[in-house]
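Remarks on the overall topology
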Amino acid sequence: MKRSIALVLMVALLIPFSLFAQGGKETVVDENAPVTVQYWTHEDPARTDLENELIAAFMAQNPNITVVRTTQSSAKQIELVQTAFAANQGPDMFNLPIENQYAYISNYRVAPVDYQAAGYTDKEDLLDTYVEGVLDTVTVDGEVFGLPLELTNWAIYVNKKIFRDAGLNPETDYPKTWEEMAEVSEKLVIRDGDILIRRGYDFRYPYYLTFFVPMVEQLGGELISSDGKQAIVNDDAWLKALTYMQEWGPSGRNLGSPTYKNARKLFDLDNNDMAMAHSGLYQQGRIAEDNPEFFESGEWMVIPYPVFEDAVRDVAACYYGHFFMVNEDSDPNVQKAAWKLAGFLLSHGEDYLTRGGNIIQPTKALFASDTLKNMPYSDVFINDMERSHMIYYGANSAEIQTQIRYAVESVMLSGVSPQKALATLRPAVQEIVDEQ
Amino acid sequence: MGMKKYRGIEKKQARWGFLFVVPSLLFFSLFSFYPIINAFYTSFFDKRALSKAPPAFLGLGNYIRLFDPNRAASELSFLNSLRATLVFTVGTFVPLLIISLLLAVFISNLGSRKAKKFLQIAYYTPAILSSVVAATIWMIIFDPRGLGNQWVNALMNTPGVDHRWLVDPVMEQVSTMVIYFWKYIGYFVILFITGLASIPPTIYEAATIDGAGKGQVFWRITLPLLKPTVVLVSVMAMLQCLKTFSTQYMLYTNGAPRAPINVITFNIYITGIQQQYLGRASAMSVVLFILMLMLTLLQFKTTKSEQVEY
């Protein structure tokens, strides 16, 4: 009895090990057999409607392919995809912001594009379809590892009514420099003692790689040196940018703070509490959805990303991409089906722009199209994109963003001096760069 | 012969008993035993979440890094997480213990059964709320334009003062304690009420006949006879506080600074999930596990010495 109990006990305890050791992937052996593509993406109601429609059409054209589309919030999606891949249970096709997604390329977790399956004759045909340089981000050793679902940059949305309410002319008095941004915001804010009832502008925390690093670059600084070896280049630039954020925060001029409600969401509601917010072209779709009356009113406009008065470089907020990538561990037939799906979805660029959440797929055709040119303020976004560059991406770019967040928020909220914050930031980022 | 038959029945019963235990054993080995052993093993390697390459063996490298005095100056270090965890645990479990005991005594002494039930449910409700709902409620309160500032300013007649619930390092720690206290007070009140119910009423009757006052009854009878429950609740509360995560996560994702509330579990999450250092995060988990194991052993030791006989 004792021996049999011991045997059952051992089996019980070993079962989990054997389960995890297998990895649990299904193998499709017959090329013509039905395949299922697990597609994970972030939530966006407008895009969901369009993609459900496109996926239904795709499945009708390819009866042996079933697509299972799963959505999560943007933040949760990053963690879920990573956890799934860590357990060798990643989705067949997924998209993430490139600063989070690049690690999948550098860790060999994603497969190179199958050009024919995606609808291109070869690599040259693919490269020729997209705006020059866009695919460089996902090209390693001559292989392309992703297709861009969207390329996004942020400009500044302005509520004209609030400007007029503060005695300003939105067409002429909008801020062109960061110094003016603080001055104009001072005129726009309404305070009850220390509490901001109405903010002029507030940053888009915590996306510091997107908006803060370009501010440093305007002043001549760099996150990583051009040879990729040194972190935090040009102390003066970093200190000036950190000081600006310190003065912006509650311990300085008290113009905004990460602990207030997200500026972008408040802007849509037009409740006289947010005069300017930072967002992409896609925000127009969200304003139209959340507040159609405000969208149609003509009481909003979009202005370019400001620069410092003594800027040495004209740099706008970084643009970032979401790329469709395919799991290297998926069955080859599933990979082929996934690339076919990606190619099919991306062949509807104008639909994504007009009714799929106003997102830009950076094909040459779309950039030349009247559809993009006729969208309100698309010229501001396109011009800003030309004076911008892709967000910093690397195997550990998300970790670097966490360190920058800590530095900026410690000067804004915790009373840490910019010098001390920089002294902490530098070795932290350097260590990450060295490990990379 | 009779003895043999008896043993046969015992064996049969044991076999059935064992069969009933197998599902829970499987469940435990799958969801607890395997992760614990795996975390312990992983803590000796430089394991990255996305890497498929075999992880480099570091020996005690991850542990040495955690306790490296040169890193202690960083507010995001593991040593600072130990500090944050200790501050949170002491600052939360002491008021939790005292106030839940007082509330339990108050509720137990209520004459109306309806009032008793209502208060028990009311205090317990936050414990079953999802983290998302709790986050929404507390963000409405702690937003600078929110209810927290409005209430405190109305109460203290200090219009327009921002109490910096999520900005000031001390206030931020206090805020996490308040949220946790609100969420779990009901759970411990219920435990104390159960403990109070197990004290024989005859002892109270005898004390009343002997002319003992309410204060004397509490200090001389209730508290001494409740000692096993007090010890149980204090250790449970302490262990719960050591595992705190969702409150800190919720504040951080809503813009609060990380350093003051970077408790061990939160540091494990950032290190393992966001930064992808699974080996390092596993080492943190093992340290937390050892800390909790020591406290559990302390619980066993204390409860043995605190046996109460009526």
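Starting from 1, residues in each chain are numbered consecutively following that chain's sequence as written. The naming scheme follows written order: chains are lettered A onward, ligands numbered 1 onward. The predicted nature of this model means local features are confined to residues of pLDDT at least 70 and side-chain atom pairs, given and counted, to a pLDDT of 80 or more, with totals for whole chains, interfaces and linings taken over all residues. Hydrogens and waters are ignored; side-chain quantities use all the structure's heavy atoms.

It is worth spelling out the overall build of chain A at this point. Put simply, DSSP H or I for four residues or longer makes a helix, DSSP E for two residues or longer makes a strand, and each gets a number counted from the N terminus. Each helix and strand in chain A was counted, giving 20 helices and 14 strands. Taking 2.2 N^0.38 as the reference for a compact globule, 436 residues should give roughly 22 Å; the C-alpha atoms of chain A span a radius of gyration of 24 Å, in line with that estimate. A principal-axis box enclosing the C-alpha atoms of chain A has dimensions of 80 × 60 × 45 Å. For chain A, with 436 residues in total, the buried portion stands at 56%. Here the globule rule is a power law, 2.2 Å times the number of residues to the power 0.38, and the radius of gyration is based on C-alpha atoms. Each residue's exposure class comes from its accessible area (1.4 Å probe, protein chains only) as a fraction of the maximum for that residue type: buried when under 20%, exposed when over 50%, partly exposed otherwise.

On to the pattern of salt bridges. Just to be clear on terms, a salt bridge is a Lys or Arg side-chain nitrogen sitting within 4 Å of an Asp or Glu carboxyl oxygen. According to the stated counting rule, one finds 27 salt bridges over all chains in the structure shown. Here glutamate 299 of chain A ties to arginine 164 of chain A by a salt bridge, and the two come within 2.7 Å at their closest N and O atoms. You can see glutamate 299 of chain A sitting in the loop between helix 13 (292-297) and strand 13 (300-303) and its partner arginine 164 of chain A sitting in helix 6 (residues 160-165), a full 135 residues away along the chain. Among the residues examined, glutamate 299 of chain A registers a relative accessible area of 18% and is labelled buried. Residue arginine 164 of chain A is classed as partly exposed on the basis of its relative accessible area, which comes to 43%. Note that arginine 48 of chain B and aspartate 46 of chain B form a salt bridge whose closest N and O atoms lie 3.0 Å from each other. Through salt bridges with shared partners, a single network forms among Glu183, Glu186, Arg191 and Arg253 of chain A.

A few words on the environment of methionine 375 of chain A. Residues and elements named next belong to chain A. Mapped onto the fold, methionine 375 is located in the loop between helix 17 (370-373) and helix 18 (378-386). When the C-alpha atoms of methionine 375 and asparagine 358 are compared, they prove to be 9.3 Å apart, with 17 residues separating the residues in sequence. Residue contacts are defined here by distance: any two heavy atoms, one from each residue, within 4.5 Å place the two residues in contact. For methionine 375, the contacting residues outside a window of four places in its chain are Leu281, Gln284, Leu353 and Asn358.

Quick look at the sheet that holds strand 9 (residues 195-201) of chain A now. Residues and elements named next belong to chain A. For two strands to count as paired, DSSP must find a minimum of two bridges between them. On the basis of which strands lie adjacent, the open sheet formed by 5 strands has the order 8-9-12-7-13 and mixed pairing. Of all strands in the sheet, those with a lone pairing partner are strand 8 (190-192) and strand 13, marking the two edges. If you compare each strand with its neighbour and ignore which way they point, the axes differ by 30° on average. Here strand 9 pairs with strand 12 (residues 274-279) via 2 bridges, running parallel. Following the sheet pairing, arginine 199 is matched in strand 12 by methionine 274. Contacts from helix 18 reach strand 7 (155-159), strand 12 and strand 13 within the one sheet, and its direction differs from that of strand 7 by about 150°. Angles run from 0 to 180 degrees between N-to-C directions of axes, and those axes are lines fitted to C-alpha atoms, restricted for helices to the stretch in contact.

Residue and element names in this part refer to chain A. By convention, a stacked pair of Phe, Tyr or Trp rings (six-membered ring in the case of Trp) has centres within 6.5 Å and planes under 30 degrees apart, an edge-to-face pair has planes over 60 apart, and any other such pair is tilted. Per the counting criterion, the structure on display carries 51 aromatic pairs over all chains. Relative to tyrosine 104, the ring of phenylalanine 85 has its centre 5.0 Å away and its plane inclined at 70°; by these criteria the two rings are edge-to-face. Here the residue phenylalanine 85 occupies a position in helix 3 (residues 74-86), and tyrosine 104 occupies one in helix 4 (residues 98-106), the gap between them amounting to 19 residues. Each ring, one from tyrosine 157 and one from phenylalanine 267, has its centre 6.0 Å from the other, and the planes form 65°; the classification is edge-to-face.

Further remarks concern the domain arrangement of chain A. All names here are of chain A. Once the domains are mapped, chain A shows domain 1 (30-152 + 320-386), domain 2 (154-201 + 259-302) and domain 3 (203-254 + 396-436). Facing the 16 residues of domain 1 at the interface are 14 residues of domain 2. A simple way to read buried area is as the amount of 1.4 Å-probe accessible surface that goes missing from two parts once joined, with both sides added. Carbon and sulfur atoms make up 66% of the surface buried where domain 1 meets domain 2, a total of about 1,200 Å² over both sides. Together, Asn358, Tyr377 and Phe381 form the three largest contributors to the area buried by domain 1 at its contact with domain 2, with a combined 47%. Among the salt bridges present, the one from aspartate 44 reaches arginine 286, with a minimum N-O distance of 4.0 Å. Between N or O atoms, a polar contact is any pair within 3.5 Å; within protein, one atom must be a potential hydrogen donor and the other a potential acceptor, and residues adjacent in sequence are included only when both atoms are from side chains. Inspection of the region where domain 1 meets domain 2 yields 4 residue pairs in polar contact (both at pLDDT 80 or more). Of the residues forming the side of domain 1 that touches domain 2, the biggest block, 4 residues, is contributed by helix 18. Class assignment of the residues belonging to the side of domain 1 that touches domain 2 gives a composition of 10 nonpolar, 4 polar and 2 charged. The split of the chain into domains comes from an automatic or database domain assignment. Ten residue types, Ala, Val, Leu, Ile, Met, Phe, Trp, Tyr, Cys and Pro, are classed as nonpolar, four, Asp, Glu, Lys and Arg, as charged, and the remainder, Gly among them, as polar.

What follows is about the packing of helix 7 (residues 169-197) of chain B against helix 11 (residues 246-253) of chain B. Packed helices, taken two at a time, are described by the angle their axes make and the gap between the axes. All names here are of chain B. Following both chains from N to C, one finds helix 7 and helix 11 inclined at 130°, their axes separated by 9 Å at the closest point. The orientation of helix 7 with respect to helix 11, classified from their angle, is oblique. Crossing geometry of helix 7 relative to helix 11 is assigned as right-handed. Listed contacts from helix 11 to Glu172, Ser175, Thr176, Ile179 and Tyr180 of helix 7 are Thr247, Gln248, Met250 and Leu251. Along the lines of polarity and charge, the residues of the contact of helix 7 with helix 11 split into 4 nonpolar, 4 polar and 1 charged. An angle below 35 degrees is treated as roughly parallel, one above 145 as roughly antiparallel, one from 65 to 115 as roughly perpendicular, and anything else as oblique. For any pair of crossing helices, the crossing counts as left-handed if the nearer helix is rotated counterclockwise from the farther one by less than a right angle, and right-handed if it is rotated clockwise.

We now examine the pairing of strand 2 (residues 65-72) of chain A. Residues and elements named next belong to chain A. Across 8 bridges, strand 1 (residues 35-42) lies against strand 2 in parallel orientation. If you follow threonine 41 over to strand 2, its bridge partner there is threonine 71. A clockwise path from the first strand over the helix to the second, with the strands pointing away from the viewer, defines a right-handed crossover. Once you follow strand 1 into helix 2 (residues 45-61) and on to strand 2, the crossover reads as right-handed.

What follows deals with the interface of chain A and chain B. Listed per partner, the contact involves 49 residues of chain A and 49 residues of chain B. Interface of chain A and chain B: buried area, both sides summed, is about 4,400 Å²; carbon and sulfur atoms make up 58% of it. Counting across the interface, chain A meets chain B through 4 salt bridges. Where arginine 71 of chain B meets glutamate 431 of chain A, a salt bridge forms, and the shortest distance between an N and an O atom there is 3.0 Å. For the pair chain A and chain B, the number of links is 14 residue pairs in polar contact (both at pLDDT 80 or more). For the side of chain A that touches chain B, the secondary-structure elements that each account for two or more residues are helix 1 (2-22), helix 3, helix 4, strand 9, helix 19 (397-413) and helix 20 (418-435) of chain A. It is helix 1 of chain A that provides the largest number of residues to the side of chain A that touches chain B, a total of 10 residues. Its residues placed into classes, the side of chain A that touches chain B shows 25 nonpolar, 11 polar and 13 charged.

A word on a nonpolar patch on the surface. Residue and element names in this part refer to chain B. Taken together, the side chains of Ile36, Phe289, Ile290, Leu293, Met294, Leu297 and Phe300 make up a nonpolar region of the molecular surface, amounting to roughly 680 Å² of accessible area. Take the nonpolar patch: its biggest share by element is 6 residues, from helix 13 (residues 278-305). Classification of phenylalanine 289 by relative accessible area gives partly exposed; the value is 39%. Grouping into patches uses exposed residues only, defined as over 30% relative accessible area, and leaves out salt-bridged ones; the cut-off is 9 Å for like charges and 5 Å for nonpolar side chains (Val, Leu, Ile, Met, Phe, Trp, Tyr). Computed with a 1.4 Å probe, the accessible areas rest on the Shrake-Rupley method; for each residue, only the protein chains presented here act as cover.

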